[in-house]
Amino acid sequence: MTASHTRYLGLTGGIGSGKSTVAAMFRELGAGVVDADALAREVVAPGVDALAEIAARFGPGVLRPDGTLDRERLGAMVFRDPALRAKLNAIVHPLVRDWMGAVERAAADAAHGGLIVVHDVPLLAESGLADGFDLVIVVDVPPELQVERLVSERGMTPDQARARLAAQASRDQRLAIADLVIDNSGSLEDLDRRVAEVWADLQRRVR
């Protein structure tokens with residue numbers, strides 16, 4: 001196979017679903033991985049136009065004294081207000097798309113044979129980008145288990161965890177865009193087995 005046969009997959013899941021763990025497993029199996037969160041951080045780095053635009057729209061209070069973005073403060077603002085969240089996404093998402101091409105090529109080069117590139121995109125259902133991928137994989141967890149994990153693993157209160165879930169797409173909205181679903185409601189061993197099964201399926205699809 002040549003790089004022209006590369007398949008670009010979208011991987012998403014709600015907060016606390018284990019999506020990043022799944023992305024790491026795919027990388028170990030030989031996929032190239034594009035981290036949309038890392039790209040989102042790059043497009044708001046000091047010196048990038050988006051940072052100035054965010055400060056202009058949300059106020060200078062979203063910048064730290066060193067001029068970098070205070071992601072926690074900005075996050076607290078947009079999680080409370082869907083209109084502000086949409087305004088932020090309108091700034092960041094187009095830039096992420098623009099930067100993605102070069103990163104995709106690098107990820108394809110890093111993949112074993114360049115056949116499968118997985119885009120780790122936390123807000124794929126919210127961004128409207130699902131149709132841009134050959135397949136969409138959703139890491140699925142019941143909301144009550146997400147809350148439990150956010151409380152036990154990230155130190156949130158139950159109310160804080162539920163607020164974070166409410167600020168994202170619903171479980172049904174994510175499943176509606178899924179071509180493949182990875183259930184992560186069990187053990188790490190269960191997840192590893194399920195990811196291996198999906199990887200084998202993807203290999204068959206590519207070839």
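See the structure above.
These notes cover the structure that comes with them. (Residues numbered from 1 in each chain as written. Predicted model: local features only at pLDDT ≥ 70, side-chain atom pairs only at ≥ 80, totals over all residues. Heavy atoms only, no water.)

1. Re the packing of aromatic side chains
- If you walk through the whole model with that rule in mind, you get one aromatic pair.
- The interplanar angle of 45° and the centroid separation of 6.1 Å between the aromatic rings of F26 and W199 together place this pair among those described as tilted. Remark: W199 occurs in helix α10 (residues 188-206) and F26 occurs in helix α1 (residues 19-29); sequence separation between them is 173 residues.
- Looking at F26, the relative accessible area reads 0%, which means it is buried.
- Its relative accessible area of 12% is what places W199 among the buried residues. (Phe/Tyr/Trp six-rings, centres within 6.5 Å; stacked < 30°, edge-to-face > 60°. Helix = DSSP H or I, 4+ residues; strand = E, 2+ residues; numbered from the N terminus. Buried < 20%, exposed > 50% of the residue type's maximum accessible area, 1.4 Å probe, protein only.)

2. What about the sheet that holds strand β3 (residues 116-120)?
- The parallel open sheet is built from five strands, whose spatial order is β2-β3-β1-β4-β5. Each having just a single partner strand, β2 (32-35) and β5 (180-183) make up the two edges of the open sheet. Between one strand axis and the next, the sheet turns through 25° on average, direction left out of account.
- With four bridges joining them, β2 and β3 adopt parallel strand pairing. Bridge pairing in β3 links V33 to V118.
- Relative to the sheet, α10 contacts β1 (7-13), β3, β4 (135-140) and β5, its axis offset from that of β5 by approximately 160°. (Pairing = 2+ DSSP bridges. Axes fitted to C-alpha atoms, helices over the stretch in contact; angles between N-to-C directions. Contact = heavy atoms within 4.5 Å.)

3. A look at the packing of helix α7 (residues 143-154) against helix α8 (residues 158-166)
- Between α7 and α8, the shortest axis-to-axis distance is 9 Å and the interhelical angle comes to 125°. Our classification of the angle between α7 and α8 gives oblique. The hand of the α7/α8 crossing is right-handed. Across from P143, Q146, V147, L150 and V151 in α7, the residues of α8 making contact are P158, A161, R162 and L165.
- Partitioned by chemical class, the residues of the contact of α7 with α8 number seven nonpolar, one polar and one charged. (Parallel < 35°, antiparallel > 145°, perpendicular 65-115°, else oblique. Left-handed = near helix turned anticlockwise from the far one by under 90°. Nonpolar A, V, L, I, M, F, W, Y, C, P; charged D, E, K, R; others polar.)

4. Here's the deal with the nonpolar core
- F26, I116, I137 and L202 are the most contacted members of the largest nonpolar core, which has 22 residues in total.
- Among the elements of the structure, β1, α1, β3, β4, β5 and α10 are those that each provide at least two residues to this core.
- Of all the elements, α10 adds the most residues to this core, at six residues.
- Ignoring sequence-local partners within four residues, the contact set of F26 consists of L11, A31, V118, I137, I182, V195, V198, W199 and L202.
- If you look at the next biggest cluster of nonpolar residues, it comprises 19 residues, including L39, A40, I54 and V96. (Core = buried A, V, L, I, M, F, W, Y, C linked by side-chain atoms within 4.5 Å.)

5. As for the packing of α1 against α10
- At a minimum axis distance of 10 Å, the contact between α1 and α10 shows a crossing angle of 50°. Relative to α10, the element α1 lies oblique. Remark: the crossing between α1 and α10 carries right-handed chirality. Listed contacts from α10 to T21, V22, M25, F26 and L29 of α1 are L188, L191, D192, V195, V198, W199 and L202.
- Along the lines of polarity and charge, the residues of the contact of α1 with α10 split into 10 nonpolar, one polar and one charged.

6. Describing the pattern of salt bridges
- Scanning all chains against the criterion turns up nine salt bridges.
- Salt-bridge contacts for R193 lead to D190; the nearest nitrogen and oxygen are separated by 2.5 Å. Of this pair, R193 and D190 both sit in helix α10, three residues apart, which is roughly one turn of the helix.
- Note on R193: relative accessible area 46%, which makes it partly exposed. (Salt bridge = Lys/Arg side-chain N within 4 Å of Asp/Glu carboxyl O.)

7. With respect to empty space enclosed by the protein
- Tallying each qualifying case throughout the model produces one cavity of 30 Å³ or more.
- Estimates place the volume of the largest cavity at around 40 Å³.
- Every residue lining the largest cavity is listed: G14, S17, V138, V139, D140, V141, Q146, R171, R174 and L175.
- Looking at the lining of the largest cavity, the elements with two or more residues in it are β4 and α9 (171-176).
- Taken together, the residues of the lining of the largest cavity break down into four nonpolar, three polar and three charged. (1 Å grid on protein atoms, 1.4 Å probe; cavity = no way out; pocket = protein on both sides within 12 Å on 5 of 7 lines; lining within 4 Å. Points joined across faces, edges and corners; volume = space filled by probe spheres on them.)

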